[in-house]
Amino acid sequence: MKLLLDQNLSPRLVAQLAGSYPDIAHVRDFGLAMADDALVWEYAKTNGFAILSKDADFHQRSFLLGHPPKVVWIRLGNCSTADVLRLMQDRLQHVEEFGAHQVAAFLILP
């Protein structure tokens, strides 16, 4: 599954997670660092990405619009990049299963 990291996540995560998630990118890689959620949503949809975010807005948008794109919502609150890295590494199997699921629109990672 291709993952597009939202602006609220560190771009350093791309290199740190590339071994586990080879098709990972950050919104800034595509000039979308300051883009609104609607533009990020459309970019992800058009280019086959799932959105990885700490922003509840993408979760809400998935309810309204369905998928694609799929949304992985990280619910760690105020945390470090190391916390997000550890979560994504620990939940690799869940993320892969979610990506393969035909109907699932979002995944919440606590």
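Everything that follows concerns the structure shown earlier in this document.
Residues numbered from 1 in each chain as written. Predicted model: local features only at pLDDT ≥ 70, side-chain atom pairs only at ≥ 80, totals over all residues. Heavy atoms only, no water.

In this structure the tally under the stated criterion is one salt bridge. A salt bridge links Arg 86 to Asp 83; its shortest N-O distance comes to 2.7 Å. Here the residue Arg 86 and the residue Asp 83 both occupy positions in helix H4 (residues 81-90), the gap between them amounting to three residues, near one helical turn. Taking relative accessible area as the criterion, Arg 86 reaches 44% and is therefore assigned partly exposed. (Salt bridge = Lys/Arg side-chain N within 4 Å of Asp/Glu carboxyl O. Helix = DSSP H or I, 4+ residues; strand = E, 2+ residues; numbered from the N terminus. Buried < 20%, exposed > 50% of the residue type's maximum accessible area, 1.4 Å probe, protein only.)

This part takes up the packing of aromatic side chains. Per the stated rule, a full pass over the model turns up four aromatic pairs. Here Phe 30 and Tyr 43 contribute two aromatic rings whose centre-to-centre distance is 4.9 Å and whose plane-to-plane angle is 35°, an arrangement assigned as tilted. Here Phe 30, found in the loop between strand S2 (24-26) and helix H2 (37-47), pairs with Tyr 43, found in helix H2; they are 13 residues apart in sequence, far enough to count as distant. On the basis of relative accessible area, Phe 30 is assigned to the partly exposed category, the value being 32%. With a relative accessible area of 23%, Tyr 43 lands in the partly exposed category. Between Tyr 43 and Phe 49 the ring centres are 6.3 Å apart and the planes differ by 25°, which places this aromatic pair in the stacked class. Through pairs of rings, three or more aromatic residues link up here, namely Phe 30, Tyr 43 and Phe 49. The residue whose ring lies beneath Arg 75 is Trp 73, and the NZ or CZ to ring-centre distance is 4.8 Å. (Phe/Tyr/Trp six-rings, centres within 6.5 Å; stacked < 30°, edge-to-face > 60°. Lys NZ or Arg CZ within 6 Å of the ring centre and 35° of its normal.)

Right, let's talk about the pairing of strand S3 (residues 49-53) for a bit. Among the five residues that make up S3, five are buried, leaving the element largely enclosed by the rest of the structure. A two-sided burial pattern is seen for S3, the buried positions comprising Phe 49, Ile 51 and Ser 53 on one face and Ala 50 and Leu 52 on the other. As paired strands, strand S1 (residues 2-5) and S3 are joined by four bridges and run parallel to one another. For Leu 3, the partnering residue across the bridge sits in S3 and is Ala 50. The pairing of S3 with strand S4 (residues 71-74) spans three bridges and is classified as parallel. Among the inter-strand pairings, Ile 51 is bridged to a residue of S4, identified as Val 71. (Pairing = 2+ DSSP bridges.)

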